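# Observations on the three-dimensional arrangement
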Amino acid sequence: MARGTQQRYTDEDFESLDGRASRTEQKKAVQRMAALGEQLAQLNPKQIQKLPVDERLIDALLEVQKISSFEARRRQFQRVGKLLRNENETTILSYLTPQQGAKKQMQLMRWVDRMIDQGDPIINEFSKVFNASERHTLRQHVLRIHRDIKQQVSEEELAASKLKFVNYVQQVALLSDQG
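Residues numbered from 1 in each chain as written. Predicted model: local features only at pLDDT ≥ 70, side-chain atom pairs only at ≥ 80, totals over all residues. Heavy atoms only, no water.

Under an unreviewed UniProt entry, the name given to the chain is Ribosome-associated protein, and the organism recorded is Acinetobacter modestus.

Shown next as structure tokens:
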């Protein structure tokens, strides 16, 4: 582009980016997946074998239990996090969340409903209680749900948006309890 000329962005440029995660969000998602991998690695070998995931992930989780070097474990957890990206998040969370208990799950669902209904004040409160949460990501989920409601999308699409939000909240709760 020649000096002095300025690129003009149109609404179409921004609409094409809608729903796409930023680099920072992608990196944080990888970190969350690696932390979930750490939780999965704490399961006993029999439980790991029963996980409904790819065989490579099961092998990586069993291997990490044998590693004692800090740096080697860190690299292995990064690998586990990458393998987890190919798995169904809901399935993995459903395997880990029974450890939290039904009372905790109901509490998280109330948080989700309150954040959708009341917005920023509750998001800020949630972020204080659960230190692994990101306010920006919470706001994005809530805004996406509000946008879907406003645009009157199908029930399936709205349910999918809410499921992504619930999954994020469950991940944050698991990671906050851990740290």
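Back to the write-up after that little detour.
## Overview of the overall build of the chain
Selection criterion: The way it works is that DSSP assigns letters per residue, a run of H or I at least four long becomes a helix, a run of E at least two long becomes a strand, and they are numbered from the N terminus. Note on exposure labels: buried denotes an accessible area under 20% of the residue type's maximum, exposed denotes more than 50%, and partly exposed covers the range between, all computed with a 1.4 Å probe on protein chains only. The criterion used for residue contact is that any of the two residues' heavy atoms lie within 4.5 Å.
Scanning the chain from terminus to terminus reveals 10 helices and 0 strands. In sequence order, the chain lays out its α and β elements as α-α-α-α-α-α-α-α-α-α. The 179 residues of the chain split such that 38% are buried. For the chain, the share of sequence-separated contacts (at least 6 apart) that also reach a separation of at least 24 residues comes to 61%.

## Re unusual backbone geometry
Positioned with a positive phi, Gln-152 is a non-glycine residue whose angle comes to about 50°. Note on Gln-152: relative accessible area 70%, which makes it exposed.

## What to know about the packing of aromatic side chains
Using the following cut-off: Two rings belonging to Phe, Tyr or Trp (six-membered ring only in the last case) form a pair when the distance between their centres is within 6.5 Å. Interplanar angles under 30 degrees mark stacking, angles over 60 mark edge-to-face geometry, and anything in between is tilted. A ring is considered to have a charge above it if a Lys NZ or an Arg CZ atom is located within 6 Å of its centre and within 35 degrees of its normal.
Following the criterion strictly, the structure yields 3 aromatic pairs and no others. Three or more aromatic residues joined by ring pairs form one cluster here, namely Trp-111, Phe-126 and Phe-130. Over the ring of Trp-111 we find Arg-114; its NZ or CZ atom is 5.1 Å from the centre of that ring.

## Some thoughts on the packing of helix H4 (residues 55-64) against helix H5 (residues 70-84)
What counts, and what does not: Orientation is described by lines fitted to C-alpha atoms, with helices fitted over the stretch in contact, and by angles between N-to-C directions that extend from 0 to 180 degrees. Our angle categories are set so that under 35 degrees counts as roughly parallel, over 145 as roughly antiparallel, 65 to 115 as roughly perpendicular, and the remainder as oblique. Each crossing is labelled by how the near helix is turned from the far one, with a counterclockwise turn of less than a right angle marking it left-handed and a clockwise turn marking it right-handed. Throughout this entry, Asp, Glu, Lys and Arg are counted as charged residues, while Ala, Val, Leu, Ile, Met, Phe, Trp, Tyr, Cys and Pro are counted as nonpolar. The remaining residues, Gly among them, count as polar.
The N-to-C vectors of H4 and H5 enclose an angle of 160°; their axes lie 10 Å apart at closest approach. With respect to H5, the axis of H4 lies roughly antiparallel. Helix-helix and strand crossings are classified by hand; for H4 and H5 the assignment is left-handed. Residues Arg-56, Leu-57, Ala-60, Leu-61, Glu-63 and Val-64 of H4 touch H5, and the partners they reach there are Arg-73, Gln-76, Phe-77, Arg-79, Val-80, Leu-83 and Leu-84. Here the contact of H4 with H5 is composed, by residue class, of 8 nonpolar, 1 polar and 4 charged.

## Notes on the side chain of Ser-161
If you trace the backbone, Ser-161 turns up in helix H10 (residues 155-178). Contacts of Ser-161, omitting those with residues within four sequence positions, involve Arg-144, Ile-145 and Asp-148.

## Quick word on the environment of Glu-25
Mapped onto the secondary structure, Glu-25 falls in helix H2 (residues 23-41). For Glu-25 and Thr-137, which are 112 residues apart along the polypeptide, the C-alpha to C-alpha distance reads 7.7 Å.

## Quick word on H4
Among all positions in H4, only Leu-57, Ile-58, Ala-60, Leu-61, Leu-62 and Val-64 are buried. Against the buried residues of H4 lie H2, helix H3 (45-50) and H5.

## Observations regarding the side chain of Glu-87
Spelled out, the test is: In this tally Asp and Glu are treated as negative and Lys and Arg as positive; neither His nor the chain ends contributes. Salt bridges are identified by distance alone: a Lys or Arg side-chain nitrogen within 4 Å of an Asp or Glu carboxyl oxygen.
Within the element layout of this structure, Glu-87 appears in the loop between H5 and helix H6 (89-96). Here Glu-87 occupies a buried position and makes no salt bridge, while the nearest side chain of opposite charge, Arg-56, is found at 6.7 Å. Once residues within four sequence positions are removed from consideration, Glu-87 is found in contact with Pro-52, Val-53, Asp-54, Leu-57 and Ile-92.

## Digging into the packing of helix H8 (residues 120-129) against helix H9 (residues 135-150)
Two elements in contact, H8 and H9, have axes separated by 10 Å at closest approach and are oriented at 140°. By the criterion of interaxial angle, the relationship of H8 to H9 is oblique. In the crossing of H8 with H9, the sense of the turn from one axis to the other is right-handed. Between H8, through Asp-120, Ile-123, Asn-124, Phe-126, Ser-127 and Lys-128, and H9, the contact on the second element is made entirely by Arg-135, Leu-138, Arg-139 and Val-142. Across the contact of H8 with H9, the residue classes tally to 4 nonpolar, 2 polar and 4 charged.

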